Amino acid sequence: MSIPPPPTPSNSLEYGHYRVLLRPDGTPWTLGMGGMGVTYKATDTRLHVDVALKVIHPLHVADPEVQRLFVREARAAARVVHFNVAPVVYLHDEPGRVFYAMEFVDGISLHAWLRRGERPRVAQSLAFAEQIAAGLAAIHEQNIIHRDLKPANVMVVQYPPEHPRHRSLAASGGCLLKIIDFGLARGITGHVFEQNETRGVQPTIGFRGTVAYASPEQCEEAPDLDGRSDLYALGCMLWEMLAGKPPFVGASVHVVMSQQISKAPPLDEIFGAPPETVAVVQRLLEKKRARRFPDAHAAVDALEDARRKAGDAPAPGSIRAPSTARNASGRGPTSRTAAPGTSITLRFPSRAGLFGTFLLLALAGAGLAWWIYAAPSRGPRTALPAASDSRAIAVLPFANLSAQKEDEFFADGIHQDVLTTIAKIGALRVIARTAVLPYKAGRPRDLPQISRDLGVSSVLEGSVQRSGKKIRVRVQLIATSNSQQLWGETFDRDFTDVFAIQTEIASAIAQALAANLSPEEKRIIALRPTENLEAYEHYLRGRDAETRGGWRPEGNYAALVEYDRAATLDPAFALAIVGQARCHARIYGNGSDRSRAEAERAREAADRALRLAPNAAETIAAHAEYLFRVERRYDDALAALRAVEKLAPEDMSVLIITGNVLRRKGRAEDAIAYFRRAQRVAPESFDPPGYLFTSLIRVRRFDELVAMSEAFVPRYTSPEIRAYVARARALQANDWNVSLNALRELDLELRAEVRCAYRFDRRDFKGALEALEAVPGETMVADDPPNVVIPKSFMRGLILVRLGEAAAARPEFEQAAHWMEYALSERLDDPFLEIFLARAHAALGRKDDALRTGEAAVRRVPESLDAYDGCLVAHSFALVCAEVGEPERACALLRHLLNVPSTVQRLLLRNLPCYDSLREHPEFQALVKE
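Residues numbered from 1 in each chain as written. Predicted model: local features only at pLDDT ≥ 70, side-chain atom pairs only at ≥ 80, totals over all residues. Heavy atoms only, no water.

J.: Whenever I open this one, the overall build of the protein confuses me. Can you help?
T.: A count of helices and strands for the protein gives 38 helices and 20 strands. For the protein, buried positions account for 61% of its 930 residues. Counted over contacts in the protein with a minimum sequence separation of 6, partners at least 24 positions apart contribute 68%. (Helix = DSSP H or I, 4+ residues; strand = E, 2+ residues; numbered from the N terminus. Buried < 20%, exposed > 50% of the residue type's maximum accessible area, 1.4 Å probe, protein only. Contact = heavy atoms within 4.5 Å.)

Here it is in structure tokens:
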């Protein structure tokens, strides 16, 4: 989604007798941004105190409806005077210049506080909830309900131990909590505030609030809400403080709404909490509001009592099922809390684009993205050196004979399921599907050549025809040595018999190839994955979308739609749940959506799949992918992948994921071996070359890299790939002109964002700016780190600085920083976006902010945890250090990265603009000459 840029004070920095304060770099001091306006830190020029000044967004200045809502918000907050509520002290409501001032709370949101580290102990969580409940009591006394209570709308002020106020807040660890943001507040039906403030305001239609904290009656859009809805939200927040996440999460807003309305809270997730604490939480989360506490005062009393009895109890144990428990260090996605709820989910564009520009990390993810995303031009196959095996069989793709060509997915799905069913027979060796896909039905098939390529003695050919509720499946088993048919059959059945057909085919092939079936194998191949054929069809569509999309995010999103439908129709359909787990893990892992909600969706699906089918290869593989992509638990992921490898030794995706895990563990050579295996298993796939490319560059084996390029590049027509290979050849020759000459020739063929990047690299900054403006939208996607969405304003700022227009660049970097801060508030774990934010701070001269943010990103993914991503972040941090005037620190990092597998290369250090600030430093000069 596109996030609107924050407004800056129009006309002047003066709003009545309030003046917006400036940061040390001269930019307005922005505290936050919401749907209706932006909040600044300002000073009251009469009283000489700081305030938070909320100004209506310029986009809404002329909208009378928004202005009425804005004023209503201010008046609601102004009615409440309490220690735990931030009050409004002034309102200016003249049309065209609407703003109000409220108490400046010098702290951070509870959401951000929880993200900083481990969960608070039970007593502190209860003390926090006690303060919030006290604030709610004051709000409700004014006949107002908040309606959007969540961690992001509660501020935490941390007092140091030596401060006198710390002693009075000892139960809360010296923390004072204040409720803010009355944007959705409304009066209780029938009371004066509701009657006065709704007069002339258009009624809102549909749900309002944040669904992860919304009461059942709020989800059902009940017209008669009261303060007990806020108490339910408080229960969700307390649950999150205890368990690390809200009680209900799901794949969509509607799923979470359904859970809020009808699903009992999963109490096992707060196991270990004292019984009095569990009882309070349970009562706050009662579905029927009559069963909750009658008012906030009663909740305060109950919370205080539970807190006194909790003593020094730690936060409850891991919220994960045993199969996905955190590692011994306790680190993992649940040790921090990210953006609450699912009221806003950032789904960013997923097309790869920005090459090695501003960080020049491009020599890893860029090649991977282009190799994976570019459409190949098929050429001669590379033969698999395998000996023919009398019980080795290749199940060739089935032809689609249906009248509807869109039924291609159905024929492909039946083919894959028949192949999978046959593969469950231990006496047979079934060639992986990725290796047989090049022999698509309708293309000439040279059986002896197939035998030599795949090392098989027989092939199964077939066709599928569907008409209404009837299907016809024709299959024949052929010996590759003499093209003799060993067995053949035509199945004319109802669609309801589709699984029986697959079982009969597998049994007949076993008999034809003299493979004895054990009783257990007979039972396994007779299993029906689902009794719901509509769910099965959605599953086939999802798998088709996932296959066609490759590893790209858009393929995962399209597949999820179908997997979700299948799982809704049959909640016990394990393969559909496996598909959900796999797609959610990839969406999170590739950076498309790194919110905590997405991580929880991946965990929930992976755990559920394990419960449904704990021994299936597909389930174990999906769980391993979750451990790898979401939790960074590489040892556990590797153990699971080893188990899958025994069950499916020729599964290309398993081999690629294993290689990815190994290179993150610092085992670059082992990773390369796995990518080569994947290439041998699926010689026609354009996935393994991409992973090989990025790995060979990191270990600086340029001769092998270029040799592989010359073998594979003729099959890939993308100009971006040709440009990337040109740079690889420049590295081999240690000659920058090799790259420059190729890039000039390819310039106009490249996509606008790639053209921008390469022009920047060759110092054509005016041309880079021209290309940047041709990139649609206000965001662009970085190739490395892959799929990191950044605002175009960041790149525009870099270019303007190079053009000598530093004053014009400053607001661009300011806007980029606002954008990234907002995006990070919605995310659980995104060190790459953090490092981009650090670069924006550095460009603005905010040295402390830049170093703090960059160091946080490095701590989030250190090389000791992840040798692959860790090096990328360390390289970026070196550029941050260079920008803020710490060249020795930058050079030390670059020297280290030159001695380990990484994207840092001396040829690039000598030539790329991003290193210009280090050029005159003696240590850098020595570094590039070594």
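Alright, that's what it looks like, and here's the rest.
J.: Looking at this structure, how should I read the environment of Arg186?
T.: When you line up the elements, Arg186 lands in strand β12 (residues 186–187). For the pair Arg186 and His146, spaced 40 residues apart in sequence, the C-alpha separation works out to 6.8 Å.

J.: It is not clear to me how the side chain of Arg292 should be interpreted in this structure. Could you clarify?
T.: With respect to the secondary-structure elements, Arg292 resides in the loop between α9 (275–284) and α10 (296–310). Within the structure, Arg292 has its side chain in polar contact with the side chain of Glu217 (distance 2.8 Å). Here Glu286 takes part through its backbone oxygen, which lies 2.8 Å from a polar atom of the side chain of Arg292. Those residues in contact with Arg292, other than ones at most four positions away along the chain, are Ser215, Pro216, Glu217, Arg228, Ser229, Tyr232, Arg283, Leu284, Glu286 and Lys287. (Polar contact = N/O pair within 3.5 Å; in protein donor to acceptor, adjacent residues only side chain to side chain.)

J.: Explain helix α30 (residues 765–773) to me, please; I cannot follow it from the model alone.
T.: Spacing of three or four residues puts side chains on the same side of an α-helix, whose turn is 3.6 residues. Listed as buried for α30 are Phe765, Gly767, Ala768, Ala771 and Leu772. Each buried residue of α30 sits inside an arc of 155° when the element is viewed along its axis, so together they form one side. Of the residues in α30, the exposed ones pointing more than 90 degrees away from the buried face are Lys766 and Glu770. (Arc of directions from axis to C-beta.)

J.: Is there a simple way to explain the environment of Arg391 in this structure?
T.: For Arg391, the position within the fold is in strand β13 (residues 389–395). Counting along the chain gives 66 residues from Arg391 to Ser457, while the straight-line C-alpha distance between them is 6.8 Å. Residues contacting Arg391, with those up to four places away along its chain left out, are Ala427, Leu428, Arg429, Ser457, Leu513, Ala514 and Ala515.

J.: Would you mind showing me how to read the pattern of salt bridges here?
T.: A side chain with one charge can pair with a side chain of the opposite charge if their charged atoms come near. Using the criterion set out here, one finds 55 salt bridges in the structure. The partner of Asp148 in a salt bridge is Lys150, and the shortest N-O contact between them spans 3.7 Å. No difference in accessibility class separates Asp148 from Lys150, as the two residues are buried. Salt-bridge contacts for Arg629 lead to Glu625; the nearest nitrogen and oxygen are separated by 2.8 Å. Taken together, the residues span about one helical turn, with Arg629 and Glu625 both in helix α21 (residues 617–631) at a distance of 4 residues. Here the two residues Arg629 and Glu625 agree in accessibility, since each one is buried. A single salt-bridge network, built from bridges that share partners, covers Glu546, Arg582, Arg586, Glu625 and Arg629. (Salt bridge = Lys/Arg side-chain N within 4 Å of Asp/Glu carboxyl O.)

J.: Looking at this structure, I do not really get the nonpolar core. What am I missing?
T.: Nonpolar side chains tend to gather and get buried jointly when the protein is soluble and globular. Among the nonpolar cores identified, the biggest contains 185 residues, and Ile422, Leu460 and Ile505 are the most heavily contacted of them. Of the residues forming this core, the biggest block, 11 residues, is contributed by helix α35 (residues 867–883). Sequence-distant contacts of Ile505, defined by excluding residues within four places in its chain, comprise Val418, Ile422, Leu460, Val473, Val475, Trp487 and Phe491. (Core = buried A, V, L, I, M, F, W, Y, C linked by side-chain atoms within 4.5 Å.)

J.: Hey, could you run me through the environment of Pro614 in this one?
T.: Relative to the helices and strands, Pro614 resides in the loop between α20 (596–612) and α21. Looking at Pro614, the relative accessible area reads 44%, which means it is partly exposed. Residues contacting Pro614, with those up to four places away along its chain left out, are Ala609 and Ile620.

J.: I tried to follow the sheet that holds strand β10 (residues 154–158) on my own but got confused; where do I start?
T.: The strand order across the open sheet formed by 3 strands is β8-β10-β11, and the pairing between neighbours is antiparallel. The open sheet is flanked by β8 (108–109) and β11 (175–179), the only strands paired with a single partner. Across the sheet, helix α3 (residues 122–141) touches β10 and β11, and the angle it forms with β11 is around 35°. (Pairing = 2+ DSSP bridges. Axes fitted to C-alpha atoms, helices over the stretch in contact; angles between N-to-C directions.)

J.: I would appreciate a short explanation of the confidence of the model for the protein in the present structure.
T.: Predicted coordinates in areas of low pLDDT are best not read in detail. On average, residues of the protein carry a pLDDT of 81, and 84% of them reach 70 or more. Long-range and interchain partners of residues 190–206, a stretch whose pLDDT sits below 50, account for 23 contacts in this model, where long-range means more than four residues apart. (pLDDT = per-residue confidence, 0-100.)

J.: Honestly, the packing of helix α12 (residues 408–423) against helix α17 (residues 533–549) in this entry has me stumped. Any pointers?
T.: When two helices pack together, their arrangement is given by the angle between the helix axes and by the axis-to-axis distance. Their axes nearest at 9 Å, the elements α12 and α17 cross at an angle of 90°. Taken together, the axes of α12 and α17 are roughly perpendicular relative to one another. Residues Glu408, Phe409, Phe410, Asp412, Gly413, Ile414, Gln416 and Asp417 of α12 touch α17, and the partners they reach there are Tyr536, Glu537, Leu540, Arg541, Arg543, Asp544 and Arg548. Here the residues of the contact of α12 with α17 sort into 5 nonpolar, 2 polar and 8 charged. (Parallel < 35°, antiparallel > 145°, perpendicular 65-115°, else oblique. Nonpolar A, V, L, I, M, F, W, Y, C, P; charged D, E, K, R; others polar.)

J.: Explain the packing of aromatic side chains here, please?
T.: Within a pair of aromatic rings, the relevant descriptors are the distance that separates the centres and the angle that separates the planes. Evaluated as defined, the whole model comprises 16 aromatic pairs. With a centroid separation of 6.4 Å and an interplanar angle of 75°, the aromatic rings of Phe409 and Phe410 are classed as edge-to-face. Here Phe409 matches Phe410 in class, with each residue buried. One aromatic cluster is present, formed by Phe499, Tyr536, Tyr539, Tyr563 and Phe573 through successive ring pairs. Lying across the ring of Trp29, Lys41 places its NZ or CZ 4.3 Å from the centre. Directly above the aromatic system of Phe495 lies the positively charged group of Arg466, at a separation of 5.9 Å from the ring centroid. (Phe/Tyr/Trp six-rings, centres within 6.5 Å; stacked < 30°, edge-to-face > 60°. Lys NZ or Arg CZ within 6 Å of the ring centre and 35° of its normal.)

J.: What exactly am I supposed to notice about the packing of helix α33 (residues 831–843) against helix α34 (residues 847–860) here?
T.: With their axes 8 Å apart at the nearest point, α33 and α34 run at an angle of 165° to one another. Looking at the two axes, α33 sits roughly antiparallel to α34. Judged by the sense of rotation from one axis to the other, the crossing of α33 with α34 is left-handed. Packed against α33, whose contacting residues are Pro831, Glu834, Ile835, Leu837, Ala838, His841 and Ala842, the element α34 presents Asp849, Ala850, Thr853, Gly854, Ala856, Ala857 and Arg860 at the interface. Taken together, the residues that form the contact of α33 with α34 break down as 8 nonpolar, 3 polar and 3 charged. (Left-handed = near helix turned anticlockwise from the far one by under 90°.)

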